[in-house]
Amino acid sequence: MGDDRYVRTPIVIANWKLNKTVGEAIKFASALRDAVSDVGSVEIAVAPAFTALSSVSSALGESIVHLAAQDVFWEDDGAFTGEISPAMLKDVGCEYVIIGHSERRQFFGETNESANRKVKAVLSNDLKPILCVGENLEDREADRAESVIENHVRTGLAGIPSEMLPSTVIAYEPVWAIGTGVTATPDQAQLAHQFIRSLLSEMYSVELAAGVRIQYGGSVKPDNISELITQPDVDGALVGGASLEVETFAQIAISANKQ
Ligand code: 13P
């Protein structure tokens, strides 16, 4: 699957989760612009909390750094107290939306079905979903990691037409590696990414699957990104803890260049 005909630009995203005030987020965004101005062939995005999206968008201005949201609701408008629509995210300059993160599944009742509704809503508003998939430790120990991943991918992408697949990013985030300091080994990551790509080949086509970017997430750090990114099916990183400091995140992004 590491076919040279399909050049997938790595994508590295800072998922700040519940961190950073507007002031802190602006300061980070301005420093990041300068730190990665000649990163080369890597796409970079930051995903601040909803409250900081608009200010970070202005701080990024015309820089190469893109803006992502951490979640979304699937309706366009209406009586849904506390929710944010895809159009609202677009309005403040978002391009990507993280969907189905394991923390949303664990703490906020996100399911494969709700993630699927969000993926559809995001795509139909010309935004790009980052669908998070991945097994927990119990699944892995019970040898059912692949069936859990398969269910996340197949249900999360149910009804998504082929022409929308190229705008979709998958993030493989094994729950046991998130915030634990235990990263998947490069081999474990490659096997899971290869499996996801083979599923996409079955669901769509080998050609379309070969163009989809699959990020790895889970304790990515400056000292493990290089060995992860050299795996043929690893196309970037979704970074939590190590994305909170500009220097550390910039180092990860710069090291994600495959060329
Ligand atoms: P950590 O990098 O802190 O393990 O978090 C990963 C993650 O959940 C990114 O979405």
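Quick caveat: nothing in here was measured; it's all calculated off a predicted structure. (Residues numbered from 1 in each chain as written. Predicted model: local features only at pLDDT ≥ 70, side-chain atom pairs only at ≥ 80, totals over all residues. Heavy atoms only, no water.)

Visitor: Go over the nonpolar core with me, naming the residues and quoting the values.
Guide: The biggest cluster of nonpolar side chains holds 67 residues, and the ones touching the most others in it are Val 46 and Leu 157. No other element matches helix α8 (residues 186-203), which puts six residues into this core. Those residues in contact with Val 46 that sit more than four places away from it in its chain are Ala 14, Trp 16, Phe 28, Leu 32, Val 56, Leu 60, Val 65, His 66, Leu 67 and Ala 68. Judged by nonpolar contacts, the second largest core, of twelve residues, contains Ile 11, Ile 13, Tyr 96 and Leu 238. (Core = buried A, V, L, I, M, F, W, Y, C linked by side-chain atoms within 4.5 Å. Buried < 20%, exposed > 50% of the residue type's maximum accessible area, 1.4 Å probe, protein only. Helix = DSSP H or I, 4+ residues; strand = E, 2+ residues; numbered from the N terminus. Contact = heavy atoms within 4.5 Å.)

Visitor: Give me the site of the ligand: which residues, what numbers.
Guide: As a matter of local geometry, the ligand sits amid Asn 15, Lys 17, His 101, Glu 173, Ala 177, Ile 178, Gly 179, Gly 218, Ser 219, Leu 238, Gly 240 and Gly 241. Interatomic distance of 3.0 Å between a side-chain N/O atom of Asn 15 and an oxygen atom of the ligand. The separation between an oxygen atom of the ligand and a polar main-chain atom of Gly 240 is 2.9 Å. Against a free-state accessible area of 310 Å², the protein chains account for coverage of 95% of the ligand. Here the shell around the ligand is built from residues that sort into three nonpolar, seven polar and two charged. (Near = heavy atom within 4 Å. Polar contact = N/O pair within 3.5 Å; in protein donor to acceptor, adjacent residues only side chain to side chain. Areas by Shrake-Rupley, 256 points an atom, 1.4 Å probe, with all protein chains shown as cover. Nonpolar A, V, L, I, M, F, W, Y, C, P; charged D, E, K, R; others polar.)

Visitor: Can you lay out the pattern of salt bridges for me, pointing to particular residues and giving the numbers?
Guide: Under the counting rule described, the total for this entry stands at 15 salt bridges. One salt bridge in this structure joins Arg 213 and Glu 43, with 2.8 Å as the shortest N-O distance. In this pair, Arg 213 sits in strand β7 (residues 213-217) while Glu 43 sits in strand β2 (residues 43-47), placing the two residues 170 residues apart along the sequence. This pair shows no difference in class: Arg 213 is buried, exactly as Glu 43 is. Two residues, Arg 144 and Glu 138, come together in a salt bridge whose shortest N-O distance is 3.9 Å. Three or more residues joined by partner-sharing salt bridges are found here, namely Arg 8, Arg 197, Asp 233 and Asp 235. (Salt bridge = Lys/Arg side-chain N within 4 Å of Asp/Glu carboxyl O.)

Visitor: If you had to explain the pairing of β7 to someone new, which residues and values would you point to?
Guide: β7 sits mainly inside the fold: five of its five residues count as buried. Direction of pairing for strand β6 (residues 169-172) relative to β7: parallel, over a ladder of four bridges. Directly across from Ile 170, in β7, lies its bridge partner Ile 214. Across two bridges, the pairing between β7 and strand β8 (residues 236-239) is parallel. Residue pairing across strands places Gly 217 opposite Leu 238, the latter belonging to β8. (Pairing = 2+ DSSP bridges.)

The analysis is restricted to geometry; functional conclusions fall outside its scope.
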